[in-house]
Amino acid sequence: MKTMTPDDPHILVVDDHRDIRESLAQFLKKNGRRATAVESAEAARKAIKDGRVDLVILDIMMPGEDGLSLCRHIREANQIPVILLSARAEDLDRIIGLEVGADDYVTKPFNPRELLARIDAVLRRTHALPPDTQAPTGEAMRFDRWTLKVAERELVDEGGETHELSTGEYRLLMTFLTRPKIVLSRDQLLDLAFDRGTDVFDRAVDTQVSRLRRKIETDARTPKLIKTVWGGGYVFTAAVEKA
């Protein structure tokens, strides 16, 4: 086992089964990753608060607060990537997990080496993405003539009327609001606002952008807020502030 350094990725393993979390943490350490193993969502929240965590491996089925609830909290609070673990292989569980913000989903029992490869892939992808420039946690964000209530996922116009957003539209808008005036390629938007495992492609990004434009632009045919950068992707041009 090599000597760990502060630059090595720090993986937080959250699972109420002691054998699983401790054996996985040991495997990660043997393969050059720092690892901390905890048994509950409460302990995970404390570990994340107390120190740098680069990625969370999170069991869905835990007593008390479950993994989906914790994953939702992590995604709302910061951009730490999450890989969910589940003993159930149903598509619905996987879809729900991805909808609450997980970066990947692995079914138990799993091959530790495959999980390690998935960890490395998620870390490579997320580290290459432009960082957030806003901190939206639990707050409202104002742009142009709109206010997005983050916790409620409600888009409110200047007259106080609420406009419904689909999950895809909400995630796309949040991506733009947390990275205003940064050109984002379609590949980056796929990673930030969607999940590559759900069979979405470049055209899906264009479709969601078109739908979002129809909701927030004064004239979707001549967009001012979400502009196309030819050969590059899209850029959100409006100033964003906390409401």
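This section reports on the structure supplied with the text. (Residues numbered from 1 in each chain as written. Predicted model: local features only at pLDDT ≥ 70, side-chain atom pairs only at ≥ 80, totals over all residues. Heavy atoms only, no water.)

### Quick notes on the nonpolar core
The cut-off we apply is this: Throughout this description, the term nonpolar core refers to a set of buried Ala, Val, Leu, Ile, Met, Phe, Trp, Tyr and Cys residues connected via side-chain atoms within 4.5 Å. Exposure is judged per residue with a 1.4 Å probe applied to protein chains only, and the accessible area is read against the type maximum: over 50% gives exposed, under 20% gives buried, and values in between give partly exposed. Helix and strand definitions follow DSSP, with helices as H or I runs of at least four residues and strands as E runs of at least two, each counted in order from the N terminus. Only heavy atoms matter for contacts: two residues are in contact if any of them lie within 4.5 Å across the pair.
Core analysis: the biggest nonpolar cluster contains 29 residues, and Phe143, Phe176, Ile216 and Phe236 have the highest contact counts within it. At the level of secondary structure, the elements contributing two or more residues to this core comprise β6 (140–143), β7 (146–149), α6 (167–177), α7 (186–193), α8 (202–216) and β11 (233–236). With 6 residues, α6 is the single largest residue contributor to this core. If we ignore the near neighbours within four places in the chain, the residues touching phenylalanine 236 are Phe143, Phe176, Leu177, Pro180, Lys181, Ile216, Leu225 and Ile226. In terms of nonpolar packing, the next biggest core, distinct from the first, is built from 21 residues, Ala41, Ile48, Val53 and Val82 among them.

### Structural notes on unusual backbone geometry
A cis amide bond links lysine 108 to the next residue, proline 109, at an omega of -10 degrees. The residue proline 109 is located in the loop between β5 (104–107) and α5 (112–127) in this model. In this model, arginine 153 sits at a positive phi of 60 degrees, which is unusual for a non-glycine residue. Tracing the sequence through the fold places arginine 153 in the loop between β7 and β8 (154–157). For arginine 153, a relative accessible area of 34% puts it in the partly exposed group. Positive phi, close to 60 degrees, is recorded for lysine 181, a residue that is not glycine. Tracing the sequence through the fold places lysine 181 in the loop between α6 and α7.

### A closer look at the sheet that holds β5
Stated precisely, the cut-off is as follows: Two strands pair if DSSP finds at least two bridges between them. Comment: axis = line fitted to C-alpha atoms, over the contacting stretch for helices; angle = value between 0 and 180 degrees taken between N-to-C directions.
Pairing within the open sheet is parallel, and its 5 strands lie in the order β2-β1-β3-β4-β5. Either end of the sheet is taken by a strand with one partner, and the two such strands are β2 (34–38) and β5. Taken pair by pair, the neighbouring strands of this sheet meet at an average axis angle of 20 degrees, ignoring direction. Relative to β2, strand β1 (residues 10–14) runs parallel, the two sharing 5 bridges. Looking across to β2, one finds that isoleucine 11 is bridged to alanine 35. Lying on the sheet, helix α1 (residues 18–30) is in contact with β1, β2 and β3 (55–59); it crosses β2 at an angle near 175 degrees. Most of the contacts of helix α3 (residues 67–77) go to strand β4 (residues 82–86), to which it runs at about 175 degrees, and overall it touches β1, β3 and β4.

### Here we look at the sheet that holds β7
Reading across the sheet, the 5 strands line up as β9-β8-β7-β6-β12 and stay open at both edges, with antiparallel pairing between neighbours. Each of the sheet's edge strands pairs with one partner strand only, and the pair in question is β9 (162–163) and β12 (240–242). Note that β7 and β8 share 4 bridges and pair antiparallel. Bridging across to β8, lysine 149 finds its partner in glutamate 154.

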